[in-house]
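Each chain, written out:
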Amino acid sequence: MKEKFAKASVRPVRQRTQYTCMATSMSMCLQALDIDTDEDTVNEVMGAQPMRGAAWEQALACAQHYGVRATLTTPSTIRQLKEWTDRGLPIMIAWNPEKRDWSHASTVYHVEEGPPETWAEDVAEDYTIQGSGPGFYVWVADPNIPNPDKTTRIVHEDEFYSAWAEKFPKYFVRRPALFLEREVSRDGRQVVASELMAKKKKKK
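Read on for a plain summary of the structure. The shown structure was predicted, so the numbers you read here are calculated from the model rather than taken from an experiment. (Residues numbered from 1 in each chain as written. Predicted model: local features only at pLDDT ≥ 70, side-chain atom pairs only at ≥ 80, totals over all residues. Heavy atoms only, no water.)

Observations concerning the overall build of the chain
Here is step 1 of the chain: In terms of helices and strands, the chain carries 6 helices and 9 strands.
Here is step 2 of the chain: In terms of overall size, the chain behaves like a compact globule, its C-alpha atoms giving a radius of gyration of 17 Å where 204 residues would be expected to give roughly 17 Å.
Here is step 3 of the chain: Expressed along its principal axes, the backbone C-alpha trace of the chain runs to roughly 50 × 40 × 30 Å.
Here is step 4 of the chain: Here the chain, with 204 residues, has 48% of them falling under the buried criterion. (Helix = DSSP H or I, 4+ residues; strand = E, 2+ residues; numbered from the N terminus. Rg over C-alpha atoms; globule rule 2.2 N^0.38 Å. Buried < 20%, exposed > 50% of the residue type's maximum accessible area, 1.4 Å probe, protein only.)

The following block contains the structure:
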């Protein structure tokens, strides 16, 4: 696979239960930020439950528990997803690719311009490409993708936008995205504060 792919270092995995898509997606994001954890450990913090799953509030609290800054944006856009993944940041989304009665969490880790013919030969066999032609394609690590031999959907922007929404009782929340970045470094420094100090020193 060429280096241009997988801007955020996400390792796609499958969830082990029907209600832990949020916990599994969060664990993929945390691992991409070099935080050693897994679905079960994350869910001890997040608290997803059978027939209920977990809410964004639980995901935000879970991220903070791990020293990660989480920014929830709705509605978001594919261009924003590309901007974040180009910075190496993983993103949790809620969407409904199978048009079910409930929404589903997955992890976005790359956005690439098509058509697929320009890069499809470099794509791993455990990926499935949805859509064709020019436009943006979104790499989605789907922990509950129906095909048991696949782990990632590569979805054309039109198809992606049509599925990118979260069902509420009487309306849809359009295009939710939660991007994650380290708040505290491995040596215990506040990342944003450290970056600001470095910029001030450069100006002097």
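So, the sheet that holds strand E2 (residues 91-95)
Here is step 1 of the chain: Strand order across the open sheet formed by 7 strands is E1-E9-E2-E3-E5-E6-E4, with mixed pairing between neighbours. Each edge of the sheet is formed by a strand with only one pairing partner; in this case those strands are strand E1 (68-73) and strand E4 (127-130). Averaged over all adjacent pairs, the angle separating strand axes in this sheet is 30 degrees, with direction ignored.
Here is step 2 of the chain: Relative to strand E6 (residues 152-156), E4 runs parallel, the two sharing 4 bridges. Bridging from a neighbouring strand, Tyr127 pairs with Thr152 of E6. (Pairing = 2+ DSSP bridges. Axes fitted to C-alpha atoms, helices over the stretch in contact; angles between N-to-C directions.)

A look at the packing of helix H2 (residues 39-46) against helix H3 (residues 56-65)
Here is step 1 of the chain: Running from N to C, H2 and H3 point in directions that differ by 110 degrees, and their axes come no closer than 9 Å. It follows from the interaxial angle that H2 and H3 lie roughly perpendicular. In terms of crossing hand, the pair formed by H2 and H3 is right-handed. Counting all contacts with H2, which are made through Val42, Val45 and Met46, the residues of H3 involved are Gln58, Ala59, Cys62 and His65.
Here is step 2 of the chain: Of the residues assigned to the contact of H2 with H3, the class counts are 5 nonpolar, 2 polar and no charged. (Parallel < 35°, antiparallel > 145°, perpendicular 65-115°, else oblique. Left-handed = near helix turned anticlockwise from the far one by under 90°. Contact = heavy atoms within 4.5 Å. Nonpolar A, V, L, I, M, F, W, Y, C, P; charged D, E, K, R; others polar.)

Quick notes on the pattern of salt bridges
Opposite charge on two side chains allows them to pair when their charged atoms are near.
Here is step 1 of the chain: Following the criterion strictly, the structure yields 9 salt bridges and no others.
Here is step 2 of the chain: Across the salt bridge formed by Arg16 and Glu39, the nearest N and O atoms sit 4.0 Å from each other. Of this pair, Arg16 sits in the segment before helix H1 (21-32) while Glu39 sits in helix H2, and the two are 23 residues apart along the sequence.
Here is step 3 of the chain: Here Arg16 falls in the exposed class, since its relative accessible area comes to 58%.
Here is step 4 of the chain: A residue is classified by how much of its surface remains accessible, and Glu39, at 6% relative accessible area, is buried.
Here is step 5 of the chain: A salt bridge links Asp40 to Arg16; the shortest N-O distance between them is 2.2 Å. Here the residue Asp40 occupies a position in helix H2, and Arg16 occupies one in the segment before H1, the gap between them amounting to 24 residues.
Here is step 6 of the chain: Of the residues examined, Asp40 reaches a relative accessible area of 44% and is grouped as partly exposed.
Here is step 7 of the chain: A single salt-bridge network, built from bridges that share partners, covers Glu98, Arg100, Asp142 and Arg153. (Salt bridge = Lys/Arg side-chain N within 4 Å of Asp/Glu carboxyl O.)

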